[in-house]
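Now for the letters of each chain:
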Amino acid sequence: MLLQSPRGTRDWLPEEAYAKRLVSEKIRKVFESYGYGEIITPAFEYLELLKAKAGEEVVNQIYYFKDKAGRELGLRFEMTTPIARIVASKPDLAKPIRFYYIQPVWRYEEPQRGRLREFWQAGIELFGVAGPEGDAEVVAVTYDALTESGVQEFEISVNDRRVVEDILLSNSVAQERLPDALRILDKLDKFGESYIIDEFEKIGVAREKSSQMLIKLKESRLDIELSTPEGKQGLDHLSRVVDLLKSVYGVNVKVDYSIVRGLGYYTGFVFEVKPKTSSDVGSIAGGGRYDDLVSTLGGPKLPATGMAIGVDRLLEVLKLQGKPTITYNEVDVYIIPLAKKQETVAKAVEIAKKLRREGLKVIVEGTDRSLAKALEYASKKGSRFVIIIGEKELSSGTLTLRDMKEWVEHKLQEEKALEMIINSRT
């Protein structure tokens, strides 16, 4: 038991951590190219803050605890609420505000493929843009980030919660049961239509009405008939976002009126991204508009929209698609001072410093194992070169340089040997 990580968590060994870092840096590059600045928040927040408009189901997934002073705290389950707290507390920030993050979050839910209880998210938040231009930008950033990371063939589904609420109200869902209805509908993709019809019946919606509702939700046209002013406004906003994405950004999306997103703070436009292959992994990104969150937390009324990419799921999809092809070496040069005399060790450290200044990863052998064992270890670590330094090398100013890739050995003057190693990278 003590040798296992807690259920729902995982260890990242160097090769896995390196793959995550490569993908994260590609995403970071895209975020920053759009003018977003990185933000880092505490791992835990006041529980009251995390519960604000999160939705009943998500509240039940919060890891919470009391500290030694009796304060109720919780691990963040997403990044939008902590960032909204910062924006609410700093009204002098120049608008619009563009923040991005790449950080871990925690949710106490049943572990599944691509989603553990501790997982990484990479996302952006845009504050101060009320129109469809903001939502279109967020989707475009998502598209570029996923493309840059190497994902092939993914589909972006878009909707507006005001449209969904109109459809629900038109099919006998009572106003006070809208939160329940949205929570049920969010499980459509996971549990199917029969489950939805059964659950809607429990909140007072006839099965026939539920069937009619599901038929309308499957529509992908942007000219559907709606009955409420809010629904019509949402449909107009959605239409403008879709048009901007296609005509300005060259991004095609699919309209899906069943997309609602599970968090309770969403107020309008929402979207999800799923891979066309590896569909069993689930959505790899999603987001939407949350115009009331900042004011709910005590800040000014400020429009906001954003998204998050599930880094763990993204890596799972890339793996299933055969990407990325990563050659990871923990070390570039392995230096073996023979006999471990002070003079040979000093020379080994001196050479290591020179190579490290050139950006190379260098290990100096520090044990008394045999040369054969040291060479075996260097090979396992993926070292391209091994430098051997003994008394002969010290007296002649040379180095024995073994190329582990070409499997050849050279005896060269120190300057020439280092030049060969450095030039091998180009």
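Values in this document were obtained by computation on a predicted structure and should not be read as measured data. (Residues numbered from 1 in each chain as written. Predicted model: local features only at pLDDT ≥ 70, side-chain atom pairs only at ≥ 80, totals over all residues. Heavy atoms only, no water.)

A. The overall build of the chain, seen in detail. Across its full length, the chain holds 17 helices and 16 strands. Taken against the 2.2 N^0.38 rule, which gives 22 Å for 426 residues, the C-alpha radius of gyration of the chain at 28 Å runs more than 25% over that of a compact globule. Across its three principal axes, the chain shows a C-alpha extent of roughly 90 × 55 × 45 Å. Within the span of the chain, comprising 426 residues, buried residues form 48% of the whole. Of the contacts made within the chain by residues no fewer than 6 positions apart, 69% connect residues no fewer than 24 positions apart. Accessible area for the chain stands at about 21300 Å²; split by element, carbon and sulfur atoms hold 50% of it. Separation between the mean location of the 64 positive side-chain charges and that of the 66 negative ones in the chain comes to 4 Å. (Helix = DSSP H or I, 4+ residues; strand = E, 2+ residues; numbered from the N terminus. Rg over C-alpha atoms; globule rule 2.2 N^0.38 Å. Buried < 20%, exposed > 50% of the residue type's maximum accessible area, 1.4 Å probe, protein only. Contact = heavy atoms within 4.5 Å. Areas by Shrake-Rupley, 256 points an atom, 1.4 Å probe, with all protein chains shown as cover. Lys, Arg positive; Asp, Glu negative; His and termini not counted. Charge placed at Lys NZ, Arg CZ, Asp CG, Glu CD.)

B. Structural view of the nonpolar core. Ranked by internal contacts, the top residues of the largest apolar core, which has 65 residues, are F31, L168, F200, Y257 and F271. Within the second largest apolar cluster, 30 residues are counted, among which are A54, Y101, V105 and Y266. (Core = buried A, V, L, I, M, F, W, Y, C linked by side-chain atoms within 4.5 Å.)

C. Spotlight on the packing of helix α7 (residues 178–185) against helix α9 (residues 193–202). Packing of α7 against α9 brings their axes to within 10 Å, and their N-to-C directions diverge by 165 degrees. Comparing the axis directions of α7 and α9 gives the class roughly antiparallel. The handedness of the crossing between α7 and α9 comes out as right-handed. Counted together, A181, I184 and L185 of α7 and I196, E199 and F200 of α9 form the full contact between these two elements. Of the residues belonging to the contact of α7 with α9, the class tally is five nonpolar, no polar and one charged. (Axes fitted to C-alpha atoms, helices over the stretch in contact; angles between N-to-C directions. Parallel < 35°, antiparallel > 145°, perpendicular 65-115°, else oblique. Left-handed = near helix turned anticlockwise from the far one by under 90°. Nonpolar A, V, L, I, M, F, W, Y, C, P; charged D, E, K, R; others polar.)

D. View of the environment of Y18. Summarising the element assignment, Y18 is placed in helix α1 (residues 14–33). Not counting residues up to four positions away in its chain, the partners in contact with Y18 are I326, T327 and Y328.

E. Looking closely at the pattern of salt bridges. In total, this model carries 34 salt bridges according to the counting rule given. The shortest N-O distance in the salt bridge between R402 and E409 comes to 2.6 Å. Where salt bridges share partners, they join K347, E350, K354 and E414 into one cluster. (Salt bridge = Lys/Arg side-chain N within 4 Å of Asp/Glu carboxyl O.)

F. Structural view of the packing of aromatic side chains. Summed over all chains, the structure comprises 11 aromatic pairs. Relative to Y108, the ring of Y63 lies with its centre 5.4 Å away and its plane at 80 degrees, an arrangement referred to as edge-to-face. Of the two residues, Y63 is situated in the loop between α3 (56–59) and β3 (64–66) and Y108 in the loop between β5 (97–106) and β6 (118–127); the sequence distance between them amounts to 45 residues. Exposure remark for Y108: the relative accessible area of 45% places this residue in the partly exposed category. Of the aromatic side chains, those joined through ring pairs into one cluster are F127, Y265, Y266 and Y290. If you follow R369 out to its NZ or CZ, it ends over the ring of Y377, 4.4 Å from the centre. Lying across the ring of W407, R402 places its NZ or CZ 6.0 Å from the centre. (Phe/Tyr/Trp six-rings, centres within 6.5 Å; stacked < 30°, edge-to-face > 60°. Lys NZ or Arg CZ within 6 Å of the ring centre and 35° of its normal.)

G. The arrangement of α7 in detail. Across the eight residues of α7, six count as buried, placing the element largely inside the fold. Within α7, the full set of buried residues consists of L178, D180, A181, L182, I184 and L185. Packing partners of the buried residues in α7 comprise α6 (161–169), α8 (188–191), α9 and α10 (207–217).

H. Focus on the sheet that holds strand β11 (residues 304–310). One open sheet holds the eight strands; their spatial order is β1-β5-β6-β11-β10-β9-β7-β8, and the pairing between them is mixed. Here the strands that pair on one side only, and so sit at the sheet edges, are β1 (37–38) and β8 (254–255). Note: strand β7 (residues 154–160) against β8, two bridges, orientation parallel. Residue pairing in the sheet places S157 in a bridge with K254 of β8. Sheet strands in contact with α1 are β1, β5, β6 and β11, and its direction is about 160 degrees off that of β5. Relative to the sheet, α6 contacts β7 and β9 (269–275), its axis offset from that of β7 by approximately 60 degrees. (Pairing = 2+ DSSP bridges.)

I. Broad picture of α10. Taken as a whole, α10 has its buried residues at S210, M213, L214 and L217. The buried residues of α10 all sit within an arc of 100 degrees when viewed along its axis, so they share a single face. What points out from α10, more than 90 degrees from its buried face, is the exposed set E208 and I215. (Arc of directions from axis to C-beta.)

Shape descriptors only; they carry no functional weight alone.
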